[in-house]
Amino acid sequence: MFRGMKFELESKIKNKFVQKVEELSGENLSACYQCGKCSAGCPSAPFMDILPNQVIRLIQLGMKKELMNSKTIWICASCFTCSVRCPKGVDLAKIMEALRQIQLRQNIDYGKPLNLSKEKIGELPQIALVSNFRKFTA
Ligand code: SF4
Ligand code: SF4
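Residues numbered from 1 in each chain as written. Chains lettered and ligands numbered in written order. Predicted model: local features only at pLDDT ≥ 70, side-chain atom pairs only at ≥ 80, totals over all residues. Heavy atoms only, no water.

A.B. asks: Would you explain the site of ligand 1 in this entry?
C.D. replies: The full set close to ligand 1 counts 13 residues, and Cys32, Cys35, Gly36, Cys38 and Cys86 are the nearest of them. Here ligand 1 is seated within the largest cavity. Breaking the shell around ligand 1 down by element, the ones donating at least two residues are helix H3 (37-41) and helix H4 (52-60). Among the residues forming the shell around ligand 1, the class breakdown is eight nonpolar, three polar and two charged. (Near = heavy atom within 4 Å. 1 Å grid on protein atoms, 1.4 Å probe; cavity = no way out; pocket = protein on both sides within 12 Å on 5 of 7 lines; lining within 4 Å. Sits in = over half its atoms within 2 Å of the grid points. Helix = DSSP H or I, 4+ residues; strand = E, 2+ residues; numbered from the N terminus. Nonpolar A, V, L, I, M, F, W, Y, C, P; charged D, E, K, R; others polar.)

A.B. asks: Just checking my understanding: could you explain the domain arrangement of the protein chain for this structure?
C.D. replies: Many analyses report the size of an interface as the accessible area lost when the parts associate. Segmentation of the protein chain into domains returns domain 1 (16-106) and domain 2 (111-138). The distance between the C-alpha centroids of domain 1 and domain 2 comes to 25 Å. Each partner contributes residues to the interface: domain 1 has six residues there, and domain 2 has four residues. Interface of domain 1 and domain 2: buried area, both sides summed, is about 400 Å²; carbon and sulfur atoms make up 60% of it. It is Trp74, Arg100 and Leu104 that lose the most area in domain 1 upon contact with domain 2, and together they represent 83% of the buried surface on that side. Taken together, the links from domain 1 to domain 2 amount to zero salt bridges. (Domains from an automatic or database assignment. Contact = heavy atoms within 4.5 Å. Buried area = accessible area lost by both parts, 1.4 Å probe. Salt bridge = Lys/Arg side-chain N within 4 Å of Asp/Glu carboxyl O.)

A.B. asks: Quick question: what am I supposed to make of the site of ligand 2 here?
C.D. replies: Lining the immediate environment of ligand 2, one finds 13 residues, of which Cys42, Cys76, Ala77, Cys79 and Cys82 sit closest. At a threshold of 2 Å from the grid points, most atoms of ligand 2 map onto the second largest cavity.

A.B. asks: Whenever I open this one, helix H8 (residues 92-104) confuses me. Can you help?
C.D. replies: Here H8 spans 18 Å end to end across 13 residues, near enough to the 18 Å set by a 1.5 Å rise per residue. Summarising burial for H8: ten of the 13 residues are buried, a large majority. Among the residues of H8, those classed as buried are Leu92, Ala93, Ile95, Met96, Ala98, Leu99, Arg100, Ile102, Gln103 and Leu104. (Expected span 1.5 Å × (residues − 1). Buried < 20%, exposed > 50% of the residue type's maximum accessible area, 1.4 Å probe, protein only.)

A.B. asks: Which parts of the structure should I look at to understand the nonpolar core?
C.D. replies: The nonpolar side chains of a soluble globular protein tend to be buried, and buried together. Residues Phe17, Val21, Ile59, Ile95 and Leu99 are the most contacted members of the largest nonpolar core, which totals 30 residues. Looking at this core, the elements that each hand over two or more residues are helix H2 (16-25), H4, helix H5 (64-68), helix H6 (72-75) and H8. Per-element accounting of this core gives the leading share, seven residues, to H8. With residues near it in sequence (within four places) discarded, Phe17 still touches Ile59, Gly62, Met63, Lys64, Leu67, Met68, Leu99 and Ile102. (Core = buried A, V, L, I, M, F, W, Y, C linked by side-chain atoms within 4.5 Å.)

A.B. asks: Sorry, what's going on with the packing of H4 against H8 here?
C.D. replies: When two helices pack together, their arrangement is given by the angle between the helix axes and by the axis-to-axis distance. Following both chains from N to C, one finds H4 and H8 inclined at 60°, their axes separated by 11 Å at the closest point. Taken together, the axes of H4 and H8 are oblique relative to one another. In this structure, the crossing between H4 and H8 has a hand that is left-handed. Taken together, the residues of H8 that come into contact with H4 (itself represented by Pro52, Val55, Ile56 and Ile59) are Leu92, Ile95, Met96 and Leu99. (Axes fitted to C-alpha atoms, helices over the stretch in contact; angles between N-to-C directions. Parallel < 35°, antiparallel > 145°, perpendicular 65-115°, else oblique. Left-handed = near helix turned anticlockwise from the far one by under 90°.)

A.B. asks: Just to check I follow, could you spell out H4 for this structure?
C.D. replies: Side chains that are three or four residues apart share a direction in an α-helix, a result of its 3.6 residues per turn. Within the span of H4, buried status applies to Pro52, Asn53, Val55, Ile56, Leu58 and Ile59. If you follow the buried residues of H4, they end up packed against H2, H3, H5, H6 and H8. Once H4 ends, the next one or two residues include Gly62, with phi positive near 70°.

A.B. asks: Would you mind showing me how to read unusual backbone geometry here?
C.D. replies: What you tend to see is this: most non-glycine residues have negative phi, and most peptide bonds are trans. Within the chain, Gln34 stands out as a residue other than glycine whose phi angle is a positive 60°. When you line up the elements, Gln34 lands in the loop between H2 and H3. For Gln34, a relative accessible area of 28% gives the class partly exposed. Although it is not a glycine, Asn107 adopts a positive phi angle of roughly 60°. Relative to the assigned elements, Asn107 resides in the loop between H8 and helix H9 (118-123).

Okay, structure coming up:
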């Protein structure tokens, strides 16, 4: 009975975006208490426009548009440093992947390898191109 009430309450508090991120990542966003350890250890943080702990906060607030327009989810290198450091066991790397999936499932490509010139394709490392197709395109 109590568990049912708790679930109903959580559903009312969490909007659809929050629920989708939790469903795709398997993570509990409410567990984050904003200690900032994830951002402090993130090697990609200097290149991000929204820091990793801020990503969680924005999701909690249901600010989908701000997140989808940010570079951060694509700059994340999926290195799992944040996931290992989090004292609350939040796997932020999985959350970043969930955010990328939400965008890619709307057929919005971040990387556009087909727009590259033949010369550029010849210059770039093949592994980078393959990764681009795999990770940044729908
Ligand atoms: S380390 Fe964990 S608890 Fe701390 S801000 Fe990052 S996700 Fe939240
Ligand atoms: S997985 Fe992404 S957000 Fe986490 S530490 Fe690595 S680059 Fe930063």
